[in-house]
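For reference, the chains in residue letters:
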Amino acid sequence: MIKSILSLKNVNLSFGGIKAVQDVSFEIHENELLGLIGPNGAGKTTVFNIISGFYKADTGSIDLGDVCLLKLAPDQVNKVGIARTFQNIRLFGNLSVVENVIFALQQKIDHSWFHSLFRTKKYLDIEATLRTRALSLLKIFSLDQLADTPSKSLPYGLQRKLEIVRALASDPKLLILDEPAAGMNHSETEDLKKLIQFIKTEFKLTVLLIEHDMKLVMNICDRIVVLNRGEKIAEGIPAEIKANKQVIEAYLGKRS
Amino acid sequence: MSLKSKIIFLVCFVGLGIALNFFLNSYIQALAISFMINSIMAMSLNFITGVANQFSLGSAGFVAVGAYTSAVLTKEVFNDQWYFIPLTALIGACVAAFAGYLVSLPSFKLKGDYLAIVTLGFAEIVRVIFLNWNHVGGPRGYNAIVKWPNFTMAYLFTGAAVLITLYVLYSLKISWFGRNLWALNEDEIAAEVMGTPIAKNKRTAFLISSFFGGLAGGFYAHNMGYISPGSFGFLLSVQVLIITVLGGLGSISGSIIASIILTVLPELLRSLPTKVDVRMIVFPILLILMMIVRPEGLFGKKEIWTFFKKEGGS
Ligand SMILES: Nc1ncnc2c1ncn2[C@@H]1O[C@H](COP(=O)(O)OP(=O)(O)O)[C@@H](O)[C@H]1O
Ligand SMILES: [Mg+2]
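Residues numbered from 1 in each chain as written. Chains lettered and ligands numbered in written order. Predicted model: local features only at pLDDT ≥ 70, side-chain atom pairs only at ≥ 80, totals over all residues. Heavy atoms only, no water.

J.: Explain the overall build of chain B residue by residue, including any values.
T.: Looking only at helices and strands, chain B has 12 helices and zero strands in total. Reading the helices (α) and strands (β) of chain B from amino to carboxyl end gives α-α-α-α-α-α-α-α-α-α-α-α. Seen through its principal axes, chain B has C-alpha atoms that stretch 55 × 50 × 45 Å. For chain B, the residues scored as buried account for 52% of the 314 residues in total. By sequence separation, contacts in chain B at least 24 residues apart represent 81% of the contacts at least 6 residues apart. About 14300 Å² of surface is accessible on chain B, with carbon and sulfur atoms providing 72% of the total. Computed over 21 positive and 13 negative side-chain charges, the inter-centroid distance for chain B is 5 Å. (Helix = DSSP H or I, 4+ residues; strand = E, 2+ residues; numbered from the N terminus. Buried < 20%, exposed > 50% of the residue type's maximum accessible area, 1.4 Å probe, protein only. Contact = heavy atoms within 4.5 Å. Areas by Shrake-Rupley, 256 points an atom, 1.4 Å probe, with all protein chains shown as cover. Lys, Arg positive; Asp, Glu negative; His and termini not counted. Charge placed at Lys NZ, Arg CZ, Asp CG, Glu CD.)

Put into structure tokens, the structure is as follows:
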């Protein structure tokens, strides 16, 4: 049986006169990789911002399992199990690579002010465990050698990778990636493709992926949702999407 | 620090207090205590403005709340017994922290630099309240506050307050909470998405900072023996800000060094045989020079001891 993990129903959002998202509904099934595609300005990032709590939908509903996300702030959305990355990388630039990950890990811990203030053994143990966990996570992605470099000095491709690792560190059920291949060259994109597939199987995650690179999307996604001018125009497996006339028109422009 | 070095430190700390009682004249002694109080104020501001990167212009307000609370309690509840000073200063700090909590409620709802305006307003409101509150002397101020019985006591208790402030704020700076604040001022949006409640973290930082501002106030009142609304004007907030910036925003121990410099320097300048107040010329020049030569302050974000040994720690 297919179980849906996140469902959007009739979501609407306008900015002044612009209807950025119109009546969008779709579901993400457990353990699938769903692609969200569409031309520039179609409203993909806006959908992400609604899911992650930055924008409040005007109408409609969004549910993660039994949890209604509509009223939650971004930090609460993370707590219920959604982690995301950004179209423009947002790392903590002056924090080291490992601290970026520790930061994500420590949000899951109930710290005691008493122990932190007196730097008790218990506190120091927790700190040491966090670092060990962060390092072993970084090791999986071969970033452990760079653990103590400031994250802003990583090359672009690795910054993208670290942002994904940091999102993973918050132990999400659903990982949402906003154009992770943006600005990457061919071989970096190939690596990214493997990385996403690896995470999906290894961490038993559900992934929602916004992507511009059609080849990448067609290659790795289980299903695809297509947005155009804020509206959903198609949904289906890659082969169906490739053959869909409306999608081709949206991308190539109408032939007259 | 090992146990042995802790004991040595303690012995030196106490011994110095007893020795200085005999060797320093009362003018230098007063200066030493005033430097300590300034450094508590500066460390307090440094935590919110340096570590948490939230610009506050209201130090004087919290110092005033602590000073008046502590002074009134010692006189009216504890019958002018000097050994209650640490207790009343602590209560003053708690009242200031509560005031800080109230101020923080509206301040962090909106994103952006509203805090500077709100804190500026808060400090002014506090000053005007004390100005019109006849029970605590109104514009005449609150007089005959009990003072420390001798320099050694003043030194030991104020010094202990300095060390506790340094220890607490530094521990928090390098703790998970400090990491939250650091991440938050690197990228608020990313921090929020990773599960940190932004406003809550800022409020907590502000409350902690207000607490120590209030603590400084209590010690200030009992060191001077007299306080008035005029002592807690905008100028005080600016002075504290200058000390904090000089020491380095984010360097808690840097605030102590900067306090020494900016407490002693004005006194040296005061003794110059000129008609005009040279301090008014030298301070701005000093500030401008620093902005050009070393905009991050003397120590930047680093603590003093990191310059002496490879790995940090206290
Ligand atoms: N905060 C905002 N204020 C006003 N308009 C916005 C805002 N965010 C997005 N938009 C508009 O919404 C539309 C969709 O944008 P976006 O979701 O970023 O598209 P995509 O990610 O698909 O390229 C665009 O027309 C954009 O200008
Ligand atoms: Mg986008």
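J.: Which residues make up the environment of proline 149 of chain B, and what values go with them?
T.: By secondary structure assignment, the location of proline 149 of chain B is in the loop between helix H5 (115–132) and helix H6 (151–173). When its relative accessible area of 46% is taken as the criterion, proline 149 of chain B is described as partly exposed.

J.: With reference to specific residues and values, describe the coordination of the magnesium ion (ligand 2).
T.: The protein atoms that coordinate the magnesium ion (ligand 2) are Thr45 of chain A (OG1) and Gln87 of chain A (OE1), at distances spanning 2.0 to 2.3 Å. Pair noted here: threonine 45 of chain A is in helix H1 (residues 44–51) and glutamine 87 of chain A is in the loop between strand E6 (82–84) and helix H3 (97–106), with a separation of 42 residues, a long-range link. (Donors = N, O, S within 2.8 Å, 3.2 Å for Na, K, Ca; no water.)

J.: With reference to specific residues and values, describe a nonpolar patch on the surface.
T.: Residues and elements named next belong to chain B. Nonpolar side chains collect at one region of the surface, where Val276, Met280, Ile281, Ile285, Ile288, Leu289, Met291, Ile292 and Val293 lie side by side and expose about 960 Å² of accessible area between them. Examined against the element boundaries, isoleucine 288 turns out to sit in helix H12 (residues 279–293). You can call isoleucine 288 exposed: its relative accessible area is 51%. (Patch = residues over 30% accessible without salt bridge, like charges linked within 9 Å, V, L, I, M, F, W, Y side chains within 5 Å. Salt bridge = Lys/Arg side-chain N within 4 Å of Asp/Glu carboxyl O.)

J.: Hey, could you go over the pattern of salt bridges for me, with residue numbers and the actual values?
T.: Evaluated as defined, the whole model comprises 16 salt bridges over all chains. Close ionic contact of lysine 200 of chain A with aspartate 222 of chain A constitutes a salt bridge, the shortest N to O distance being 3.1 Å. Of this pair, lysine 200 of chain A sits in helix H7 (residues 186–202) while aspartate 222 of chain A is found in the loop between helix H8 (214–220) and strand E9 (223–228), placing the two residues 22 residues apart along the sequence. Among the residues examined, lysine 200 of chain A registers a relative accessible area of 15% and is labelled buried. Here glutamate 188 of chain B makes a salt bridge to lysine 202 of chain B, at a shortest N to O gap of 2.8 Å. Highlighted residues: glutamate 188 of chain B in helix H8 (residues 188–193) and lysine 202 of chain B in helix H9 (residues 198–224), separated in sequence by 14 residues. Of the residues examined, glutamate 188 of chain B reaches a relative accessible area of 23% and is grouped as partly exposed. Residue lysine 202 of chain B is classed as buried on the basis of its relative accessible area of 6%. Here the salt bridges do not stand alone but share partners, grouping Glu32, Arg223, Lys232 and Glu235 of chain A into one network.

J.: So what about the pairing of strand E8 (residues 206–210) of chain A? Which residues, and what values?
T.: Residues and elements named next belong to chain A. Judged by how many residues are buried, E8 sits mostly within the fold: five of five residues are covered. As paired elements, strand E7 (residues 174–178) and E8 share five bridges and run parallel to each other. Looking at E8, one finds that leucine 177 is bridged to leucine 209. Following the backbone out of E7, through H7 and into the adjacent parallel E8, one traces a crossover that is right-handed. (Pairing = 2+ DSSP bridges. Right-handed = clockwise from strand over helix to strand, strands pointing away.)

J.: Can you explain the packing of helix H4 (residues 85–107) of chain B against H5 of chain B? Please cite residues and give values.
T.: All names here are of chain B. Between H4 and H5, whose axes approach to 10 Å, the crossing angle comes to 140°. With respect to H5, the axis of H4 lies oblique. Here H4 runs over H5; the crossing is right-handed. Facing H4, whose interface residues are Ala99, Val103 and Ser107, H5 presents Leu115, Val118, Thr119 and Phe122. Broken down by class, the residue content of the contact of H4 with H5 amounts to five nonpolar, two polar and no charged. (Axes fitted to C-alpha atoms, helices over the stretch in contact; angles between N-to-C directions. Parallel < 35°, antiparallel > 145°, perpendicular 65-115°, else oblique. Left-handed = near helix turned anticlockwise from the far one by under 90°. Nonpolar A, V, L, I, M, F, W, Y, C, P; charged D, E, K, R; others polar.)

J.: So what's going on with unusual backbone geometry? Residues and values would help.
T.: Look at glutamate 179 of chain A: it is not a glycine, yet its phi comes out positive at around 45°. The class for glutamate 179 of chain A is buried, based on a relative accessible area of 6%. Positioned with a positive phi, asparagine 53 of chain B is a non-glycine residue whose angle comes to about 60°. Mapping asparagine 53 of chain B onto the fold places it in the loop between helix H2 (26–51) and helix H3 (59–76).

J.: Just give me the short version of the site of ligand 1, but keep the residues and values in it.
T.: Residues and elements named next belong to chain A. Near ligand 1, the surroundings consist of Phe15, Ala20, Asn40, Gly41, Ala42, Gly43, Lys44, Thr45, Thr46 and Tyr55. Protein chains bury 65% of the 560 Å² of accessible surface belonging to ligand 1 in isolation. Across the shell around ligand 1, the residue classes break down as four nonpolar, five polar and one charged. (Near = heavy atom within 4 Å.)

J.: Residue-level account of the nonpolar core, with values.
T.: Counting residues in hydrophobic clusters, the biggest one holds 79 residues, and the most contacted among them are Met41, Phe47, Tyr142, Ile227 and Phe232 of chain B. Sort the elements by how many residues they give to this core and H2 of chain B lands first, with 12 residues. In contact with phenylalanine 47 of chain B, not counting residues within four places along its chain, are Ala52, Leu169, Leu172, Lys173, Phe177, Leu181, Ala205 and Ile208 of chain B. Of all hydrophobic cores here, the second largest spans 56 residues; its members include Ile224, Val226 and Ile241 of chain A together with Val193 of chain B. (Core = buried A, V, L, I, M, F, W, Y, C linked by side-chain atoms within 4.5 Å.)

J.: Please give an account of the sheet that holds strand E10 (residues 231–236) of chain A that cites residues and values.
T.: All names here are of chain A. Strand order in this open sheet of six strands is E6-E7-E8-E3-E9-E10, and the pairing throughout is mixed. Either end of the sheet is taken by a strand with one partner, and the two such strands are E6 and E10. Adjacent strand axes in the sheet meet at a mean angle of 20°, parallel and antiparallel pairs treated alike. Bridge count for strand E3 (residues 33–37) against E9 is four bridges, and the pairing is parallel. What sits directly across from leucine 36, in E9, is valine 225.

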